[in-house]
Protein chains: 2
Amino acid sequence: MKPNLFLFIAVSAVAVLAHAQEAPLNWQPVAPGVWSARIGKPEAVDLLKTAGIQPKVDALNKLGKLAFPTSMKASVARLANGQTHLRLPLREGEQLFGLGLNFKNVLQRKRVFNLHADHYGGRDSGRTHAPVPFYVSSEGYGVLINSARYVTVYAGTGVRKDSAHPPKIKDRNTDRTWEAQPYSDAVEVLIPAAGVEVFLFAGRSAMEAVQRYNLYNGGGALPPKWGLGFTQRVPTKFTADEVRQEADAFEQHGFPLDFIGLEPGWQSRSYPGTFAWDKGRFPDPAGFVKEMLQRGIRLNLWLNPYVSPESPIYDAVKPYTGTHTVWNGLAPDFTLPQVQRAFKTFFAKEHLDLGISGYKIDEIDGYDQWLWPDVASFPSGLSGEQMRQIYGLLVQRQTADWFRARNQRTWGLVRGSNAGASALPYVIYNDYYDHRDFITALCNSSFLGVLWTPEVRASKTAEEWLRRMQSVCFSPLAMLNAWADGTKPWTFPEVEAQVKEVALLRMRLLPYIYTAFAQYHFEGKPPVRAMYLTEGFTASSQQQAGKLDSTANPYATALRQEVKDQFMLGDNLLVAPMFAGDKSRKVILPAGKWYDFYTGKLAGAGEIITVTPGLDQIPLFVRDGGIIPLIPAATRAPKHDDILPVEVRHYGESASRFALYDDDGETFDYERGAFTWTDLMASRDVNGSLQGKVELPQNARAVRYHDFKWVFMTKP
Amino acid sequence: MKPNLFLFIAVSAVAVLAHAQEAPLNWQPVAPGVWSARIGKPEAVDLLKTAGIQPKVDALNKLGKLAFPTSMKASVARLANGQTHLRLPLREGEQLFGLGLNFKNVLQRKRVFNLHADHYGGRDSGRTHAPVPFYVSSEGYGVLINSARYVTVYAGTGVRKDSAHPPKIKDRNTDRTWEAQPYSDAVEVLIPAAGVEVFLFAGRSAMEAVQRYNLYNGGGALPPKWGLGFTQRVPTKFTADEVRQEADAFEQHGFPLDFIGLEPGWQSRSYPGTFAWDKGRFPDPAGFVKEMLQRGIRLNLWLNPYVSPESPIYDAVKPYTGTHTVWNGLAPDFTLPQVQRAFKTFFAKEHLDLGISGYKIDEIDGYDQWLWPDVASFPSGLSGEQMRQIYGLLVQRQTADWFRARNQRTWGLVRGSNAGASALPYVIYNDYYDHRDFITALCNSSFLGVLWTPEVRASKTAEEWLRRMQSVCFSPLAMLNAWADGTKPWTFPEVEAQVKEVALLRMRLLPYIYTAFAQYHFEGKPPVRAMYLTEGFTASSQQQAGKLDSTANPYATALRQEVKDQFMLGDNLLVAPMFAGDKSRKVILPAGKWYDFYTGKLAGAGEIITVTPGLDQIPLFVRDGGIIPLIPAATRAPKHDDILPVEVRHYGESASRFALYDDDGETFDYERGAFTWTDLMASRDVNGSLQGKVELPQNARAVRYHDFKWVFMTKP
């Protein structure tokens, strides 16, 4: 009997391993309205630790306490075969947002994502530059899977046999309401690791959940003011002289320019790179950088982190690199202090000491055919998979720290990111180039604590050129990237005036945009916001029955209407980009009255309007009572000692106020209280007329704005 | 000291686990020219066991012994963090084929595949209906990863830092020969399991490696003769009367028809299905099936295996189903005898006993949004991932076994398959519908031991209709699938005659096509073959330098010329399909002289020709000495007692022979020797004229062909 009994026990043990029991998540409060649960043995390396988040406790306290969302108490986890499985409840009618920087859709319920750092490849599969494993519910909570693995999220697709809320069964033969995707009552998650940490962010709205997520990650990055000006990236093999001429040309055209990006050719070798100046194209880097700074133009250096044998740091980093090269360059293990030191020392001496203001960090998002494979490993013990998921965070954090140590803000471009990046001073870009999808990505970035730029590179027509330029001027980074095409803002002379006009409008709007970023930093509200994060906007979407088509839609999959081609910039400004070929477009106005930005006229109220703006303008709308401060048009962003007059525009009928943020725009002194909030208040006087009033803060002497001139845009 | 020492050992053990040493593979011979290696602890469930392969030892012996390929001795494996990593050498100039049923490309070197059962979604990522983890090298060997997991294959992409064959380092700034993908000297494989079995199939050519692969899997499936005739799938809600009328219409039009496929509406409920006849649409299934059989028309039943609560077998299978439903149907665990019995008993009684001849098994390939998620589990202990990879094999094998037990061949359609399927009597199809890509899939199927049909459903124009019909008639399954569109072969009256002509040509070619399948069965040579498997065809492909384009090709990725739009059917016939819109096309002729099938005229020799065939014909070419036997045109495939005259066509100048296969075309008696090979020989007489001779086999009385009439197509 004994051997058999033993066998029985052994078999049972295997069965238990394979079908481990589900257990409720053990949620523990970690901040007001924020809980975490640890399942199994979470891995040593995760996303938030890698990002080095420092929760903004004061701001979280200010947002206030909230009860744990009742519905989420039913969340369960299970460990099975080295994986962690989660099941998180989902109510009927609930909508989900987030789950990686997607370009096609903003409504993510009923979709599946394998979140995987990668070039975006034209479909929302989870393979993207920022595969952030975070979703936000329209019911006002967010869930973060804090794992540096390829996490698969079934966002309301699977239906369990034992579901307490089973969908209705229909006969496809005869029932026209049959659906390819019946109702699912759960988000299911597969983490390919024997443990994970999960966070839950509560909120009274989706926006508030996003705020808590961003504040827990340290609050949004506050750019230097120059980072919000216009930036031009020059062709890859430009010499110092050609860069000078480029700056001259911008001046001749009176076109804004705050920083120039140097592409691969600034290095003596690229792909793999040396990180050292090419002495042929840049014989005197120090003098060149200094000269440009004196002209008020900062410089940003392109790089990818794969080290050429000809790089001065090659020998120092070689022992601390992965098993596989990328484009023949070493792939540094940035978790190791030896690598960190080698980079910091060299980059400080060769770039930062010279006055370089930031970096564009390319190709850290992968692409299977040239990144290290998942079978790669790194000296720290990290696998290829883990390193791929966190590489973007690692390089952002380290480069950001170099600047922070100098009390100097930076603003850069990065191609790979992940959860926890809210406070990192980088904007994501890519090689994809669909204008509409670029706007969808802008919307999606707002759910994820990342920033995105719909950069302009080239266009087939003047119309497309102008439409793209109009869009990028209302994004976190107004950039022309001419690395391959050598384009200039005036490449299409027939729209030069209009391109310049919108670029100068952005410059005029800088106080407003900078305040939107301050909200990101202090309150966690993203500067660019999907409509679904806007008060008064309903998340409900109509589902259209799919039409059966044997080739295009054999399962007659239902289509959903999504609002993904308009967004909010800050609290007051609704941006509705135009796309080449379109003469008019629909704009969905949230509840309340909305006004045309340019004329102040009523545009509509909580309705869908159609606008025909002409080529010159990008449609912009302001909510009732919306206050927009503007400074005079200029080609450079304000410097720390500029004192500027402000035109304060008020729209609509309502009394209102706007808190205008300001600081030196360059240093981290704002973290130590060196900032001001100026209250711009519109109220009705005894005659019922609107009157503007400016209330300066206590530290009024620090305010860099003066001469406030109120303009009531909407005529009674 | 003790605790510290213990800690040290524990930490070391973890480190060893994380960075396990690489070890050479321990290859063991398993058949002549076939080796296997076991790494770690291979999982209990794998692909070949699931497929139930029975190696054709005699045929393997006949192919002969070969030495282990020298270059592959350097193969290594490593166990790391619950994964298995392989590295298999790759020489410069070597080309790779296979790695899942791909639709876009046939040259797989420099690509990455995550082999994952799924609908094909428009790109060759590894997500496909048959994610076969097998690759064939132009150097004459094949490698099979016998794993039921999502296997990732880096087919010559990764470059190791310590590579013995490092690529040359180039500066992208200045060197125009810089490549985005430098030379990699290895295929690397990631199996997400702590062990795997790997097979190596040697060969003097890529074809011979494929032959060994197919023979090891039991040899290719030999269809019943009727399976090679024409098949029509009728609209989903057709009644018995409408099916009768469909058969009548085929007779009126004189159009071939061997079997009709009934789509979901034959069942009382579908999605989920009952597997029971709908008594409204089919009031007398037994009588109906019998009547159709008497008319010489077999019936094939559509199904997917997800069980409706209204199915008679629901209660029997419920305890043995997965945690998740699919379209509200139970997902049976087909590895369990309880499920197997319930299905077999019911299907035998309700279908096979009535005379049903086969199945179309749909939607077992997945699609993340409606299949069970990977977090699902099954009562046998299999994970969702494993079950997804093998589901197609399980249902193919079980249904095939039901027919085999009756000594009755079947021929069906299946949407999901995997390695080990060579002997299973199923042809893969899907919802994708690109004509060119369908032909590429035909080419790719030949590397993988699977069959594929470029089924016709609908077309925008008569030209497209005809071109698709011409292609499908030279494929393993000549099918019109009218489930959604109600199309007929004569849907475009202006090309009805030409469609009929090509369908009848297929019927005439059946002895040749059947022989091609016999080669698949007895020799392992696939019936449809990529050009790269053809003797005299060079696998070398020119690489065209990619053109830099900031939006379309920012890395200036090189493009490769591939031959993927023409293929061989059997030994002698080269098929070069035409695509709608094209008036002419290029055809690459392998070494030696090639002749036009229709006229016998010389077409070219080892060269690229351009043909302008007109609408009526699909370009067909025969190699020098090629012999093609034809029978008279008929609307049904030959029955077991038909005695048919044969026209023997000879092409070109060379003396040659052709072994013509035959058997009863219905049973498995051929496995017990009941078959014939008739030698058709062309030789030159004393005057130098070609003469035909037929040498009957010893069992000459079993030969069903007579009255051989030689036609020398090429005039001297």
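Details of the structure are given in the entry above.
Participant: Which residues make up the sheet that holds strand β29 (residues 593-596) of chain B, and what values do they have?
Facilitator: Residue and element names in this part refer to chain B. The strand order across the open sheet built from six strands is β23-β26-β27-β32-β29-β30, with neighbouring strands paired in antiparallel fashion. Both outer strands of the open sheet, β23 (528-530) and β30 (602-605), are each paired with one neighbouring strand and no more. Here the average twist between neighbouring strands, direction ignored, is 35°. Sheet topology places strand β26 (residues 567-569) next to strand β27 (residues 573-575); three bridges connect them, and they run antiparallel.

Participant: Quick rundown of the relation of the copies chain A and chain B? Include the residues and the values.
Facilitator: The operation relating chain A to chain B is a screw motion whose rotation component is 180°, with 0.0 Å of axial translation and a residual RMSD of 0.1 Å. The superposition of one copy onto the other is thereby described by a two-fold rotation axis. Taking C-alpha positions as the reference, the residue of chain A nearest the rotation axis is Gly-82 of chain A, at 3.9 Å. Interface overlap between copies is the fraction of interface residues in one copy that are interface residues in the other; for chain A against chain B it reaches 99%, indicating a shared surface.

Participant: If you had to explain the side chain of Gln-389 of chain B to someone new, which residues and values would you point to?
Facilitator: Residues and elements named next belong to chain B. Relative to the helices and strands, Gln-389 is located in helix α9 (residues 384-405). At 2.7 Å, the side chain of Gln-389 and the backbone nitrogen of Ala-117 are in polar contact. Residues contacting Gln-389, with those up to four places away along its chain left out, are Leu-47, Leu-115, His-116, Ala-117, Pro-131, Ala-148, Arg-149, Tyr-150 and Asn-418.

Participant: Break down the side chain of Thr-667 of chain B for me, with residues and values.
Facilitator: Residues and elements named next belong to chain B. By secondary structure assignment, the location of Thr-667 is in the loop between β35 (656-663) and β36 (675-684). Of the polar contacts made by the side chain of Thr-667, one reaches the side chain of Asp-664; its length is 2.4 Å. From its side chain, Thr-667 meets the backbone nitrogen of Asp-669 in a polar contact 3.0 Å long. Apart from the residues within four sequence positions on either side, Thr-667 is in contact with Asn-407 and Arg-409.

Participant: Just give me the short version of the pairing of β35 of chain B, but keep the residues and values in it.
Facilitator: Residues and elements named next belong to chain B. Within β35, six of the eight residues are buried, which leaves the element mostly enclosed by the surrounding structure. Alignment of β35 against β36, held across eight bridges, turns out to be antiparallel. Bridging across to β36, Ala-659 finds its partner in Asp-679.

Participant: Got a sec to walk through the interface of chain A and chain B? Specific residues and values, please.
Facilitator: On the side of chain B, 80 residues touch chain A, which itself brings 80 residues to the contact. In total, about 6500 Å² of surface goes out of reach between chain A and chain B, with carbon and sulfur atoms giving 52% of it. Among the residues chain A hides against chain B, the three largest losses belong to Lys-161, Asn-173 and Tyr-555 of chain A. Together they make up 12% of the total. At the junction of chain A with chain B, the criterion picks out zero salt bridges. Taken together, the links from chain A to chain B amount to 37 residue pairs in polar contact (both at pLDDT 80 or more). For the side of chain A that touches chain B, the secondary-structure elements that each account for two or more residues are β5 (83-89), β7 (111-117), β12 (159-160), β13 (186-191) and β18 (324-325) of chain A.

Participant: Before we move on, can you summarise the nonpolar core with the specific residues and values?
Facilitator: Leu-262 and Phe-474 of chain A are the most contacted members of the largest nonpolar core, which totals 198 residues. Here this core gets nine residues from one element, more than from any other, and that element is helix α9 (residues 384-405) of chain A. In this structure Leu-262 of chain A touches Arg-233, Val-234, Val-243, Trp-277, Phe-282, Phe-288, Leu-299, Asn-300, Leu-301 and Trp-302 of chain A, once residues within four positions along its chain are discounted. The next biggest cluster of nonpolar side chains, apart from the first, holds 197 residues, and it includes Ile-260, Phe-275, Ala-482 and Tyr-532 of chain B.

Participant: Go over the environment of Asp-582 of chain B, please, and point to the residues and values.
Facilitator: Residues and elements named next belong to chain B. Positionally, Asp-582 belongs in the loop between β27 and β28 (585-588). Judged by relative accessible area, Asp-582 falls into the partly exposed class, the value being 24%. Dropping the residues within four chain positions of it, Asp-582 is found in contact with Arg-436 and Glu-463. A polar atom in the side chain of Asp-582 sits 2.7 Å from the side chain of Arg-436.

Conventions and cut-offs
- Residues numbered from 1 in each chain as written.
- Chains lettered and ligands numbered in written order.
- Predicted model: local features only at pLDDT ≥ 70, side-chain atom pairs only at ≥ 80, totals over all residues.
- Heavy atoms only, no water.
- Pairing = 2+ DSSP bridges.
- Helix = DSSP H or I, 4+ residues; strand = E, 2+ residues; numbered from the N terminus.
- Axes fitted to C-alpha atoms, helices over the stretch in contact; angles between N-to-C directions.
- Least-squares fit on C-alpha atoms with pLDDT ≥ 70 in both.
- Contact = heavy atoms within 4.5 Å.
- Polar contact = N/O pair within 3.5 Å; in protein donor to acceptor, adjacent residues only side chain to side chain.
- Buried < 20%, exposed > 50% of the residue type's maximum accessible area, 1.4 Å probe, protein only.
- Buried area = accessible area lost by both parts, 1.4 Å probe.
- Salt bridge = Lys/Arg side-chain N within 4 Å of Asp/Glu carboxyl O.
- Core = buried A, V, L, I, M, F, W, Y, C linked by side-chain atoms within 4.5 Å.

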